[in-house]
Every structure is written in structure tokens, then in C-alpha cells.
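Chain residues, written in single-letter form:
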Amino acid sequence: MHKTSAWPLALVYAALIFFASLFPFNGWRAQGIEPAVFFLAPLPPPYWTGFDVGTNVVGYAPLGFLLALALLRTGRGRWAVPLALLAGALLSLVLEFLQIYLPQRVPSNLDWLLNTGGTLAGALLALLLERLGAIARWNRFRTRWFLPDARGALVLLALWPWALLFPAAEPFGLGQVFERLQGALAQALEGTPFLEWLPLREEPLLPLSPWAELWCVALGLWVPCLLACSATAPGWRRAVLALSAVPVGLGVSALSVALSFGPAHAWDWLSPPVAVGVVLGAGLALPALFLPPRACAMLLLVALPVQLALLNDAPASAYFAQTLQVWEQGRFIRFYGLGQWLGWLWPYATLVYVLLRASRRGGAS
């Protein structure tokens, strides 16, 4: 039995499926539909597309893979595929039943079958890789490249590109939630005496200056580099892992814009302040390559709050609101809630993880 990053990744991925399947979580009501109607409906349903088929299979395959991998790593090899299949099928069944009460969603027995098939395909792939020795090779690779307590960092690094895929008001600007949170609290407390307790901002937020935007981009790119450095020992492996955040971040950001506005506009976001910020972020990462892991964690605990303070002191632009409308109204609706929550929560989860890890005796050492 081994400690494995597959368990937390599987739990995070299951939570993301939950959000993606039930987003936007409003309009709940009984529609007079018997819960078993969708389950017993004839196949195929009258309205389905190849895109729906692909997303249902591909969406659940990673869940089956991670669950089976976690079971294989923790000594439950005989039951890895059946248990992973059962978990994926039950999760999909529960979510399809819940969609009966969401007018914006359509429950489908075909979706349940495709989700179950995707879970099975992912679980079988994990079993095949284990039989071929790929899991053992990954264990040796992880031992050489990462510190023993780097499991949480690996999960966060794996989620960072997915968090960037959802459009952000500023490049690499994850965690801009204070304005939205303040509005939601004001709406919830409206008509109650507790509204006076809420420190509402009287003056409107001002857009970021070019210098502030530059530093937001630089710090947003520096943070994953520091996270990678805190999970590895100094050396060439750390340099490869940390500096790979730059091309990955640029590529995913361009992909996000291309998905929204077309490939011709993939690099329109790379304005002069953003470009200088990217260069500055990469430059800041170079000295961190030679620092002890604990020092990198301490730098992250300074850099990330500064970036969050800059971001949350600026409003979301009209251009950003237009981008969100594209995601809300297009085919991205299945991934809208998933990506949005990742973009909101990733920096705060990183702060909590690094703070707890650095505070342990011998942590990040």
C-alpha cells in the first residue's frame, strides 16, 4: 500500500463533475416528472448530438481512471475496476435524477450509460497501465523528482491549467471573487439589520493601471513556479518542472481565448503590460530554482496574497462580461460551473495547503 495523489484528485474531479452537472444551481422545482421516466425512456433520445456523446464519455473517463488507480495503489487491485465502475455509475445516476428538478437540464438514460461507459474505459486503462508496469515506473519517477510530502502540491499543479481555462478578467488572475462575494452577501442580507454590518465600498472600483496589471500577471505566473519549487529539491529537475509553468500558462490562456472568440484571436490578450509581466514572472522564477523548498513556500505565502489584493481591488471589465456570456450561452455550459469554481478556489486552496505544509515540523524541507 502506498500514499497516492490519485485519491485527492479523484475526489476533486468528482466534485467538479457535480458542479458541472448541476450548474447553475437555481430554479429548482418539481416539474411533474416521475423519477424513473428518464431511466425507462426508449433509446436513443430524440435530441442528442455527437458533442454530447463525446463529453459524457470523456468527462467520466478520468474519474474511472483515478478511482481505479487509487484502489490499485492502496492494495485493492482485485476490486479496482468493479468499485470504480460502481462509484461512477452511482454518481451519474444520482446527478441524472437531480437534473429532473432543474429546468435548464435534461436527464437522459443515454447520458447515464455513456457516463458509466466512460468510467469503465478509464478504469480499464488504469488496470492496463498497471499490468504493463507504467504505475511502477511512475512511482520511481515521482521518487526522483518530488519530495515525499508533495502529494498536495502535485494535485494543485495538475489543476492549475484547468483553472486557467475558464476566462479571467486578467491573465493568470485566479481568485477575483471579492466584488462578486460582496454583492451576493448584500443581496442575501437585504432587508435585515445585518446589512449595516457589511463593509460596503462606497467608491467604485478603478481598473488596474498598466503597472498593477504587469505585477498581477508576473505574480500569477510566479506562484505556480514557487509551488513547483516547494515540492522538489534544487537541481535540473526543479528547473524543468517550474519553468514549464510559463509555456503551459501561455498555451492554456491562448486556448481559452480561442475557444471563446476563435483561433484568430487566440493571442489578442497578450498586451504590452501582459507580455512584460510574463517576462518578469519568468525572471522571478529563476532565483527560486536555487532556494530551499521551505523558502519557496514562504515566498509563495507573500506573493499570492499580494496578487489577490491587487486583483480584488479592480472591477471586472465589460469585455470580460462578454466573454462569460459566450461561455454561459454556448456549448461551454457543461464546463462553465466547473471552470468557474476552479478559477475562484485554486489560489485560496493553494494558500491553505502551503501554510499548513510549511507550519508542520520538517514540512517542505
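Structure first, text after, so check above.
A. Molecular detail of the overall build of the protein. Helix and strand content of the protein: 15 helices and 0 strands. Scored against the burial criterion, the 365 residues of the protein give a buried share of 45%. Looking at the protein alone, contacts between residues at least 24 apart form 83% of all its contacts between residues at least 6 apart. Accessible surface computed for the protein: about 18,900 Å², of which carbon and sulfur atoms make up 71%.

B. Highlighting the packing of helix 7 (residues 151-165) against helix 9 (residues 210-230). It is at 10 Å that the axes of helix 7 and helix 9 come closest, and there the two elements cross at 150°. Here helix 7 and helix 9 pass one another in a crossing that is left-handed. Each of Ala 153, Leu 156, Leu 157 and Trp 160 in helix 7 lies in contact with helix 9, whose residues at this interface are Gly 220, Leu 221, Pro 224, Leu 227 and Ala 228. Residues belonging to the contact of helix 7 with helix 9 are distributed by class as follows: 8 nonpolar, 1 polar and no charged.

C. Inspection of the packing of aromatic side chains at higher detail. Applying the stated rule across the entire model yields 6 aromatic pairs. When the ring of Phe 172 is compared with that of Trp 269, the centres are 6.4 Å apart and the planes differ by 85°; the resulting orientation is edge-to-face. In this pair, Phe 172 sits in the loop between helix 7 and helix 8 (178-189) while Trp 269 sits in the loop between helix 11 (245-261) and helix 12 (272-288), placing the two residues 97 residues apart along the sequence. Since its relative accessible area comes to 14%, Trp 269 is described here as buried.

D. Examining the pattern of salt bridges more closely. Scanning the model with the defined rule gives 2 salt bridges in all. For the salt bridge of Glu 130 with Arg 131, the shortest nitrogen-to-oxygen distance reads 3.7 Å. Of the residues examined, Glu 130 reaches a relative accessible area of 31% and is grouped as partly exposed. Close ionic contact of Arg 357 with Asp 149 constitutes a salt bridge, the shortest N to O distance being 3.2 Å. One end of the pair, Arg 357, is in helix 15 (residues 333-359); the other, Asp 149, is in the loop between helix 6 (134-145) and helix 7, and 208 residues separate them in sequence.

E. Representation of the nonpolar core within the structure. With 54 residues, the main nonpolar core has Trp 160, Phe 172, Trp 222, Leu 227, Val 278 and Trp 346 as its most contacted residues. Going through the elements one at a time, helix 7, helix 9, helix 11, helix 12, helix 13 (293-311) and helix 15 are the ones with two or more residues in this core. Non-local contacts of Val 278, meaning those with residues more than four positions away in its chain, are made with Phe 172, Val 217, Leu 221, Val 246 and Leu 250. Grouped together as the second largest cluster of nonpolar side chains are 21 residues, Ile 17, Leu 66, Leu 69 and Ala 84 included.

F. Highlighting helix 11. With 17 residues, helix 11 extends 24 Å between its outermost C-alpha atoms, agreeing within 8% with the 24 Å of an ideal straight helix rising 1.5 Å per residue. Regarding helix 11, the residues found buried are Ala 245, Val 246, Gly 249, Leu 250, Val 252, Ser 253, Ala 254, Ser 256, Val 257, Ala 258 and Ser 260. Within two residues after helix 11, Gly 262 carries a phi angle of roughly 100°, on the positive side.

G. Quick look at the environment of Phe 25. Counting through the fold element by element, Phe 25 comes out in the loop between helix 1 (6-22) and helix 2 (37-40). Here the alpha-carbon distance between Phe 25 and Leu 102, two residues 77 residues apart in the chain, equals 7.8 Å. Leaving out residues up to four positions away in the same chain, Phe 25 has contacts with Phe 18 and Phe 19.

H. Highlighting the state of the cysteines. In this structure the tally under the stated criterion is 0 disulfides. Here Cys 296 is not disulfide-linked; the sulfur of Cys 229 is the nearest cysteine sulfur, at 4.5 Å. Residue Cys 296 is classed as buried on the basis of its relative accessible area of 0%.

I. Region of the structure containing unusual backbone geometry. A positive phi is found at Phe 172, a non-glycine position, where the angle reads about 65°. Classification of Phe 172 by relative accessible area gives buried; the value is 4%.

J. Structural view of the environment of Arg 73. The residue Arg 73 is located in helix 3 (residues 50-73) in this model. Between the C-alpha atoms of Arg 73 and Ser 5, which are 68 residues apart in sequence, the distance is 9.7 Å.

K. Summary view of the environment of Leu 83. Positionally, Leu 83 belongs in helix 4 (residues 80-98). For Leu 83, a relative accessible area of 37% translates into the label partly exposed. Measuring from C-alpha to C-alpha, the distance between Leu 83 and Ala 123 comes to 9.4 Å, with 40 residues separating the pair along the chain.

L. Inspection of the packing of helix 4 against helix 5 (residues 109-131) at higher detail. Where helix 4 contacts helix 5, the axes come no closer than 9 Å and their chain directions differ by 155°. Overall, the two elements helix 4 and helix 5 adopt an arrangement that is roughly antiparallel. Viewed along their axes, helix 4 and helix 5 form a crossing whose handedness is right-handed. For the pair helix 4 and helix 5, the contacting residues are Val 81, Ala 84, Leu 85, Gly 88, Ala 89, Ser 92, Leu 93 and Glu 96 in the first and Asp 111, Trp 112, Asn 115, Thr 116, Thr 119, Leu 120, Ala 123, Leu 124 and Leu 127 in the second. Here the contact of helix 4 with helix 5 is built from residues that sort into 10 nonpolar, 5 polar and 2 charged.

M. Looking closely at the side chain of Arg 357. Classification of Arg 357 as buried rests on a relative accessible area of 2%. At a separation of 2.8 Å, a polar atom in the side chain of Arg 357 contacts the main-chain carbonyl oxygen of Ser 230.

Cut-offs used in this document
- Each chain has its residues counted from 1, following the order in which its sequence is written.
- Reporting of local features is limited, given that this is a predicted model, to residues whose pLDDT is at least 70; pairs of side-chain atoms are given and counted only at 80 or more, and all residues count toward the totals for whole chains, interfaces and linings.
- Excluding hydrogens and water, the side-chain figures rest on all heavy atoms present in the structure.
- Numbered from the N terminus, helices here are DSSP runs of H or I no shorter than four residues, and strands are runs of E no shorter than two.
- Each residue gets one of three labels from its accessible area relative to the maximum for its type: buried under 20%, exposed over 50%, partly exposed in between, using a 1.4 Å probe on protein chains only.
- Two residues form a contact once any of their heavy atoms are found within 4.5 Å.
- Here the open area of atoms and residues is found with the Shrake-Rupley method and a 1.4 Å probe, where only the protein chains shown may cover a residue.
- Think of each axis as a best-fit line through the C-alpha atoms, taken over the contacting stretch in the case of a helix, with angles from 0 to 180 degrees between the N-to-C directions.
- Each crossing gets its hand from how the near helix is turned against the far one by less than a right angle, where anticlockwise is left-handed and clockwise is right-handed.
- Each residue gets one of three labels, nonpolar for Ala, Val, Leu, Ile, Met, Phe, Trp, Tyr, Cys and Pro, charged for Asp, Glu, Lys and Arg, and polar for the others, Gly among them.
- Two rings belonging to Phe, Tyr or Trp (six-membered ring only in the last case) form a pair when the distance between their centres is within 6.5 Å. Interplanar angles under 30 degrees mark stacking, angles over 60 mark edge-to-face geometry, and anything in between is tilted.
- A side-chain nitrogen of Lys or Arg and a carboxyl oxygen of Asp or Glu constitute a salt bridge if their distance falls within 4 Å.
- Here the nonpolar core consists of buried residues drawn from Ala, Val, Leu, Ile, Met, Phe, Trp, Tyr and Cys, with membership extended through side-chain atoms lying within 4.5 Å.
- Every helix has an expected span of 1.5 Å times one less than the residues it contains.
- Cysteine sulfur atoms that pair up within 2.5 Å are treated as a disulfide.
- Oblique is the label for every angle not falling under 35 degrees (roughly parallel), over 145 degrees (roughly antiparallel), or within 65 to 115 degrees (roughly perpendicular).
- Think of a polar contact as two N or O atoms within 3.5 Å of one another; within protein, one of them needs to be a possible hydrogen donor and the other a possible acceptor, and neighboring residues in sequence only count if both atoms come from side chains.

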